[in-house]
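Listed below are the residues making up each chain.
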Amino acid sequence: MSELDLALPPLHGSADVLHAVCAGLAQVAARLDDTFVAREGREGRGLARAWAGPAFEAARSEAAVTATTIERVARGLEPAAAAVDTYAAALADARRRVLALREEWERGRQEHRRARAEAVSLAEDPVLGVLSSLARLRAADLEWQRLRSELRGRHTGVAERLTASGDQAAVVVRAWFGEGPGADAADAAGMRGALLAELPFTAGALQRSAARDLIANLITRAGRPVEQWGEPEGDLVASLGDAVRDPLVAQALMERMPPTLLASFVARLRAHIASVSGEGHGWRTQFDDALNTLGAAFVTVTAQRPWEFLDTAAAAWMRSWQHRWFDHLRRTGPSIVGDRLDDPPFRGFTALGVLLDHAGGSVPGVTPGVAFARTVGLAMVDADRISDDYPPQPRLPAVQGSGAEGVDVMAALLSSLRGAPDAASALLLGRLGNGQLVVHYLAGERLTRGVGGPAPPAAEALAAVLAVTATGCDEQSVSIAGAALDGFGHAAETAGGILGGGDAVLAFEQQLQGLRYVMADLLSVHPDAIWTTINDPVNAPSWLSAPGDEQPWAILGTGGWTVRVLNRSRLAAVIGELGKDRLVPGLATAGPPTAPAMAHLLNSVIASETARLAEALSTGDLDERHAGIIRLGQVTGFVLEAARAGVIAVQERADVSAAERQALVDRIASSLSLPATLRKSIPTALAGRTLDLVRKAVIWVGYGDTTVGSAARAELNAGAVHARLESELRSLGWELVSTSGWWDPADDPLAWVQAHPGVSFCSADGRPLPLASMTAEQRERFLTWSQDVPAFTTVPSAIVAEVQEGARAVRTAIAAR
Amino acid sequence: MQLRVAPEDLVVASLRMRDDGPLLRSLGEVLAGTGARGGWAACDHPSLAAALVALGNCAGAALGTLADATDTLATGLGDAGQHYAEAEDRLAVMGRRVIT
């Protein structure tokens, strides 16, 4: 590099090109104003002369944003173009100046050379001589040095002015987009993202387009139409992976694979697995990835509102599509899509069951929505009711397996709704073709169809769904609970009739077992229903629904919504089944980690009745107290006798060992307790006495039937058992009177003790001690005092009588079936 | 929900808007090229050169996005106009059946 280039470097920018850039920016800004959308989109005028409604608002909004943004771009380009133009002019000027400086430099350099040459020539002059020559040389050098310094300074000035102009232009260009969305975008992707956030209609359309492209590409890769898809496409579908959790991708897949094709594809995969039996785990699970992917896509588009993230117009379109799709699924679901000779047949709904099963493991947290439950879910249950697919028939070894084998559509449907109480409630309260409620059918009639078969998986799935939908006290929960209890009770009542006698008891065991605990749970939420039923003067043989009264088992009373049971027979049937919980021969100790169903119910009954009795006793009103005793006795007697009848029925057929039965009875008795909240609100002694009463009754009834080897002997001993029970109940009645202070003030025991000198039989609270802790002398004096207190005569007798009355109500109800 | 529609208006609007997308897209490409040329031409001022390149990219992307928006609107308006017209026809047929 020359000294000149080092001292006065040339400027490399191109002012001409910058002027052209400026012209280009200005031209683009002007052309933008020519667009139709920029001219007429801002107010939406140009969209249509007469258009109003939500769609217009969505389109108008999108057009307005587009028009505004186009104008922002155009108006932003203008100052940027001007700034660039200014800089281009400055650059041109600077280049001219630098060129002039460089020329001046060149002239100076030549002048310096000439001056030096002239000075050298003077050295030969004898007159002027060497001294003069040296002086001229020094002067030439000094002048050249001064000129160079001056030129450098002037170049620096030019460069600084150009830089300042460039800085100003850069500021204007960087701020070209002004304020608003996209103003801070650093690159093209940032700008696109910022603008699309303001253009929901466009963003949605682009997302849908991308999703459709993805699925179209998949179908292209398959190399044959979806109608022909089978096991070769398994891996291809699986390759979509988690992409199908995007509702748009899932919708695009379901759109290209309508219900009939979807069902056929699933049927072919399942048939391929079933075509060879005895292969290992790898064979059976070879399509799990494909089915998981399809299941995930399926459940994603069945969810409640999968399009929430889209703009309103796109969401409306998707809702409309979902509605049509559900209708298509509902209509095609009952049809057989596999081999017509398959047993069980593979139907459209079978495919949905397979997909729901697989979705449960692959997309946790995503569940079908209410709309799906009300349409497709309801149709699935109705198809199950109408067809004879359930229970599946045992397959002969020589017959090839069906793809539908092992698929319980009802279990899959109910399991998929576990995490969706709203959708589950909508399904359970759906009305089938015969007018029956879904929950009534699933908890009752369907179970009777499987008599003698293994435990249906749907029963456990139903129990789980009932636990989250039917244990509340609102109208919907109570309606579901009432229908479930009625269906369950009806099935229990009619089981004997179906099989013609006692054989039904054991044949029915497996069918009902999955629901026993949850039925106890439902009844325990409404313990008042037991007394209401026992005391029901109508005791109707069937529901006498008034026109429009579609839920006769749900009643709105003064205390809110509660369950009503049809009659005493049905209540006894339900409670009898609760007593059989864990009584399946050989499986008595198996079951969920919960208390036996009977203990669960009794705890609730004790809590409810004790609280009521405590309230009655606290009033001091004789009638109230008497009513409390009647109710406590009858409810206890009814529940225990109903449970005993159920237990006896099982024993008659199974000859269960005494030890096994006693273990169960002990477990029930030891499980009885009062809720902590109730214990605080009622007198401790009263709660303890009532609890003791029921606990002893449980043990006596249970042991009385099981300490012998057969039910026949148990019945023979029933008289002795009841005699013992009566004795103990009387004793407890005495304790109840003592504890509650059930006497007139004139009969106060402390006053009596003072008036009759001798040992006191009272505790510190002025009430008689428990009988078991009295000495012989105390007991003697206590008996003497109590002879004059009427309650010690009436209350024990009333308790015994009412327990017997409750038990009699059960026997009468059963006999009348 | 109040709904008032002149289907032919929507179709006309769709047709008039149909050319906007391609125009905007081509202008966006022009801007992207212009920014790059400006960056080269202002090479003596790196900050300005970078700003010009960024303007070209961002403005080009903005116009590309707006082109997508006008395309979507044009398609949507056209489809809506066609569907509304079909619905009108069906209603008219139903109306004639009721009358006759």
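Scroll up a little and you will see the structure.
Everything numeric here is computed off the predicted structure, so don't read it as measured data. (Residues numbered from 1 in each chain as written. Chains lettered and ligands numbered in written order. Predicted model: local features only at pLDDT ≥ 70, side-chain atom pairs only at ≥ 80, totals over all residues. Heavy atoms only, no water.)

## Remarks on the overall build of chain A
Stated formally: By the criteria applied, helices consist of DSSP H or I runs no shorter than four residues and strands consist of E runs no shorter than two, each listed in order from the N terminus. Residue contacts are defined here by distance: any two heavy atoms, one from each residue, within 4.5 Å place the two residues in contact. Residue exposure ignores everything except the shown protein chains as possible cover, and the areas themselves are Shrake-Rupley values with a 1.4 Å probe.
Assigned secondary structure in chain A consists of 34 helices and 3 strands. Of all intrachain contacts in chain A linking residues separated by at least 6 positions in sequence, the fraction that spans at least 24 positions is 76%. Taken as a whole, chain A presents about 36,100 Å² of accessible surface, with 54% of it coming from carbon and sulfur.

## Focus: empty space enclosed by the protein
Over the atoms a probe the size of a water molecule is rolled, and this reveals where empty space is left. Residue and element names in this part refer to chain A. This is how it is decided: Definitions used throughout: a 1 Å grid over protein atoms alone; a cavity as a set of points that fits a 1.4 Å probe which cannot get out; a pocket as an open set with protein on both sides within 12 Å along at least five of seven lines; a lining residue as one with an atom within 4 Å of a point. Grid points are joined across faces, edges and corners, and a volume is the space filled by probe spheres set on the points. In the scheme used here, Gly and all other residues not listed as nonpolar or charged are polar, with Ala, Val, Leu, Ile, Met, Phe, Trp, Tyr, Cys and Pro taken as nonpolar and Asp, Glu, Lys and Arg as charged.
Inspection of the entire model under this criterion finds 4 cavities of 30 Å³ or more. Its volume calculated, the second largest cavity comes out at about 60 Å³. Along its surface, the second largest cavity is lined by P259, T260, A263, L329, T332, G333, V337, G348, F349 and L352. Looking at the lining of the second largest cavity, the elements with two or more residues in it are α10 (259-274), α13 (312-332) and α14 (348-362). Residue composition of the lining of the second largest cavity, grouped by class: 6 nonpolar, 4 polar and no charged.

## Some words on the interface of chain B and chain A
Where we set the bar: Defined here as a combined quantity, buried area equals the accessible surface (1.4 Å probe) lost by two parts on assembly, summed across both. One side-chain nitrogen of Lys or Arg within 4 Å of one carboxyl oxygen of Asp or Glu is enough to make a salt bridge. Think of a polar contact as two N or O atoms within 3.5 Å of one another; within protein, one of them needs to be a possible hydrogen donor and the other a possible acceptor, and neighboring residues in sequence only count if both atoms come from side chains.
With 48 residues of chain B in contact, the opposing surface of chain A contributes 60 residues. With both sides pooled, the region where chain B packs onto chain A buries about 4,500 Å², and carbon together with sulfur makes up 74% of that total. Summed over the shared surface of chain B and chain A, the result is 2 salt bridges. Where B:D68 meets A:R192, a salt bridge forms, and the shortest distance between an N and an O atom there is 2.5 Å. Where chain B touches chain A, the interface holds 11 residue pairs in polar contact (both at pLDDT 80 or more). Of all the secondary structure elements, the ones that give two or more residues to the side of chain B that touches chain A are β1 (4-5), α1 (7-17), α2 (20-41) and α3 (46-99) of chain B. Among the elements that make up the side of chain B that touches chain A, the one with the highest residue count is α3(B) (21 residues). Looking at the side of chain B that touches chain A, its residues break down into 30 nonpolar, 10 polar and 8 charged.

## Remarks on the layout of surface pockets
Defined as follows: In this entry, domain limits derive from an automatic or database-based domain assignment.
What the largest pocket holds in volume is close to 1,100 Å³. Residue assignment for the lining of the largest pocket shows that the elements contributing at least two residues are α4 (54-122), α7 (200-222) and α13 of chain A together with α3 of chain B. Top contributing element to the lining of the largest pocket by residue count: α3(B), with 10 residues. Considered class by class, the residues forming the lining of the largest pocket number 17 nonpolar, 7 polar and 7 charged. Residue-level mapping places the lining of the largest pocket at the junction of two domains, with at least three residues from each of domain 1 (3-196) and domain 2 (203-393) of chain A. Of the voids in this model, the second largest pocket is the one considered here, and its volume is about 610 Å³. Taken together, 33 residues form the lining of the second largest pocket, with A:D389, A:Y390, A:P392, A:V407 and A:D408 sitting closest to its centre. Going through the elements one at a time, α14, α15 (370-386) and α16 (409-416) of chain A are the ones with two or more residues in the lining of the second largest pocket. Broken down by element, the lining of the second largest pocket gets its largest block of residues, 3 residues, from α15(A).

## Notes on the nonpolar core
Residue and element names in this part refer to chain A. This is how it is decided: Among the buried residues, those of types Ala, Val, Leu, Ile, Met, Phe, Trp, Tyr and Cys that are joined through side-chain atoms within 4.5 Å form a nonpolar core. Summary of the burial criterion: residues with accessible area below 20% of their type's maximum are buried, those above 50% are exposed, and those between are partly exposed, where the area comes from a 1.4 Å probe applied to protein chains only.
Of all hydrophobic cores here, the largest spans 168 residues; its most connected members are L466 and L515. Among the elements that line this core, the one with the most residues is helix α20 (residues 475-499), at 10 residues. Domain assignment of the residues forming this core places at least three in each of domain 2 (203-393) and domain 3 (744-789). Setting aside residues no more than four positions away along its own chain, L466 makes contact with L428, V439, T471, I480, A484, L515, V518, M519 and L522.

## Re α10(A)
Residues and elements named next belong to chain A. Here is the rule: By definition here, a helix of n residues has an expected span of 1.5 Å times n minus one.
The first and last C-alpha atoms of α10 sit 22 Å apart over 16 residues, in line with the 22 Å expected at 1.5 Å per residue. Of all 16 residues in α10, 12 are buried, a share of seventy percent or more. For α10, the complete set of buried residues consists of P259, L261, L262, A263, S264, F265, V266, A267, L269, R270, I273 and A274. On its buried side, α10 packs onto α8 (234-238), α9 (247-256), α11 (281-284), α12 (288-302), α13 and α14.

## Details of unusual backbone geometry
All names here are of chain A. In the segment running from Y390 into P391, the intervening peptide bond is cis, with an omega of 0°. With respect to the helices, strands and loops of the structure, P391 is situated in the loop between α15 and α16. Notably, N539 is not glycine yet its phi reads approximately 50°, a positive angle. Following the sequence through the fold, N539 ends up in the loop between α23 (528-534) and β2 (554-557). Residue class for N539 comes out partly exposed when judged on its relative accessible area of 27%.

## Focus: the packing of helix α19 (residues 457-469) of chain A against helix α22 (residues 509-525) of chain A
Residue and element names in this part refer to chain A. Where we set the bar: Note on method: axes are straight lines fitted to C-alpha atoms, helices fitted across the in-contact stretch only, with angles between N-to-C directions ranging 0 to 180 degrees. Note that the term roughly parallel is reserved for angles under 35 degrees, roughly antiparallel for angles over 145, roughly perpendicular for angles of 65 to 115, and oblique for everything else.
Where α19 meets α22, the closest approach of the two axes is 8 Å, and the angle between their N-to-C directions is 10°. In terms of orientation, α19 lies roughly parallel with respect to α22. The residues of α22 that touch α19, namely those facing A459, E460, L462, A463, L466 and A467, are Q511, G514, L515, V518, M519 and L522. Of the residues belonging to the contact of α19 with α22, the class tally is 9 nonpolar, 2 polar and 1 charged.

## A short note on the packing of aromatic side chains
Residues and elements named next belong to chain A. Worth spelling out the cut-off: Here is the rule: rings of Phe, Tyr and Trp (six-membered ring for Trp) pair when centre to centre is within 6.5 Å. Planes less than 30 degrees apart are stacked, more than 60 are edge-to-face, and the remainder are tilted.
Taken as a whole, this structure holds 18 aromatic pairs over all chains when the rule is applied. Aromatic side chains W176 and F177 sit 4.6 Å apart centroid to centroid with 25° between the ring planes, which places their arrangement in the stacked category. Each member of the pair, W176 together with F177, is buried. Judged by centre distance (5.1 Å) and plane angle (80°), the ring pair of W743 and W785 falls under edge-to-face. You can see W743 sitting in the loop between α31 (718-740) and α32 (749-755) and its partner W785 sitting in helix α33 (residues 776-786), a full 42 residues away along the chain.

## Looking at the pattern of salt bridges
Residues and elements named next belong to chain A. For the structure shown, the criterion picks out 36 salt bridges over all chains. R102 is the salt-bridge partner of D5, the closest N and O atoms lying 2.8 Å from each other. Residue D5 is found in helix α1 (residues 3-7), and its partner R102 is found in helix α4; the two are separated by 97 residues along the sequence. Residue E118 is joined to R136 by a salt bridge in which the shortest nitrogen-to-oxygen separation is 3.4 Å. In this pair, E118 is assigned in helix α4 and R136 in helix α5 (residues 129-174), connecting sequence segments 18 residues apart. Take E118: its relative accessible area is 39%, and that puts it in the partly exposed class.

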